[in-house]
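# An overview of the molecular structure
The primary structure of each chain is shown beneath.
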Amino acid sequence: MAFGTNIRTWFNGSWHEGDIAVMTAADHGIWQGSNVFDGARLFDGMTPDLDLHCARVNRSAEALMITPTMDPTEMVAIIREGLKAYGPGAAVYVRPMYWAIDGSELGVAPAENSTGFAISLEEVAMPDFNKPTTLTTTSFRRPLLENSVCNAKAGCLYPNNARMLVEAKSKGYANALVTDIMGNVAETATANVFMVKDGEYYTPIANGTFLSGITRARHIKNLRAAGYTVHEAVLKYEDFRAADEVFLSGNFAKVTPVKEFDGTHYEAPGKYTTIARDLYWDFAKAEAAKV
């Protein structure tokens, strides 16, 4: 899935230039979907929470019964070495990934201790903060842990995201605000979501139907440390229609302002959305100074 340029791939113990092949036709990860990944970012010379992303890919692997083979600390060191090839100011999407190679005796479950691992680096610009997105509703919903691997960043979850996006675009919108099976807002098709009302921040409470992101958690911590009130709450579409501001939270863009939800318009980027972004950049700079 190359969507960037200047790709580098770590595989079988070394870095390779380009988008090299790392899987074979019989790998369990292709035909049974046993593959996971995580996403981190290099931007402005910073890689915030890189260690947390590397740790999470191991947890995702375990959730899909794939045996992790890399220590997160070792992963971080390999990634930092690979990023040295990029020029000053480069923005890079960092994607460590696992997949199962062999299947069990019936083929469906992955075999123990049969794991593929690679890291993909792709140069991808950070989205423009001053270009807000739009949201609409979608007929597709987030699943429950009982019927899908909601506790992993797994490739098998993303076709449902694609259905949401295609439906949203058919209605003239860029993204979809998604509910869980109970009808409570969970996140969007591509990222976690926050809303602001009367100067206070709200985000859907993590209930196991969606991946509660590392960047989401960082925003909550930053905002509370700065004295702002952040509610993790059960939220409905009606709450978002009554909001003053809405923004998305994810690794790819960190903060994405929203200017419209199904005919409800917001200031974008608004005052409190900008505060969340500024606090995140301050955190990233402080973390980078320690490395």
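Let me begin by describing the structure that accompanies this report. Since the structure is predicted, the reported quantities are computational estimates derived from the model, not experimental observations.

Their axes nearest at 9 Å, the elements helix α2 (residues 50-63) and helix α3 (residues 72-83) cross at an angle of 125 degrees. Relative to α3, α2 is oriented oblique. In the packing of α2 onto α3, the handedness of the crossing is right-handed. Side by side, α2 and α3 meet where L50, D51, C54, A55, V57 and N58 of the first sit next to P72, M75, V76, I79 and R80 of the second. A breakdown of the residues in the contact of α2 with α3 according to their chemical character gives 8 nonpolar, 1 polar and 2 charged.

Turning to the side chain of S120, a few remarks are in order. By secondary structure assignment, the location of S120 is in strand β6 (residues 115-123). Given the relative accessible area of 6%, S120 is considered buried. Those residues in contact with S120 that sit more than four places away from it in its chain are I7, R8, Y93, V94, R95 and M97.

Where two aromatic rings form a pair, the distance of their centres and the angle of their planes describe that pair. Here the structure, examined in full by the defined rule, presents 14 aromatic pairs. Taking the centre distance of 6.4 Å and the plane angle of 25 degrees together, the rings of F11 and W99 count as stacked. Placement of the pair is F11 in strand β1 (residues 5-11) and W99 in strand β5 (residues 92-100), with a sequence separation of 88 residues. Like W99, F11 is buried. Each residue in the set F194, Y201, Y228, F247 and Y272 is aromatic and connected to the rest through ring pairs, giving one cluster.

What counts and how
Per-chain numbering applies: the sequence of each chain, read as written, is numbered from 1 onward. Only residues with pLDDT of at least 70 get local features here, since the model is predicted, and only at 80 or more are side-chain atom pairs given and counted; chain-wide, interface and lining totals rely on the full set of residues. With hydrogens and water stripped out, all remaining heavy atoms of the structure feed into the side-chain values. The angle between two axes is taken between their N-to-C directions and runs from 0 to 180 degrees, where each axis is a line fitted to C-alpha atoms and a helix contributes only its stretch in contact. For the purposes of this entry, the term helix denotes a DSSP run of H or I that reaches at least four residues, the term strand denotes a run of E that reaches at least two, and both are numbered from the N terminus. Every angle not falling under 35 degrees, over 145, or within 65 to 115 is termed oblique; those three ranges are roughly parallel, roughly antiparallel and roughly perpendicular. Two helices that cross are described as forming a left-handed crossing if the nearer one is turned anticlockwise from the farther one by less than a right angle, and a right-handed crossing if clockwise. Contact between two residues is taken to exist if any of their heavy atoms lie within 4.5 Å; hydrogens are not considered. Classification convention: Asp, Glu, Lys, Arg as charged; Ala, Val, Leu, Ile, Met, Phe, Trp, Tyr, Cys, Pro as nonpolar; all other residues, Gly among them, as polar. Under the scheme applied here, a residue whose accessible area is under 20% of the maximum for its type counts as buried, over 50% as exposed, and between as partly exposed, the area being computed with a 1.4 Å probe on protein chains only. Only rings of Phe, Tyr and Trp enter the pairing, Trp through its six-membered ring, and a pair is recorded when the two centres are within 6.5 Å. The plane angle decides the type: under 30 degrees is stacked, over 60 is edge-to-face, the rest tilted.

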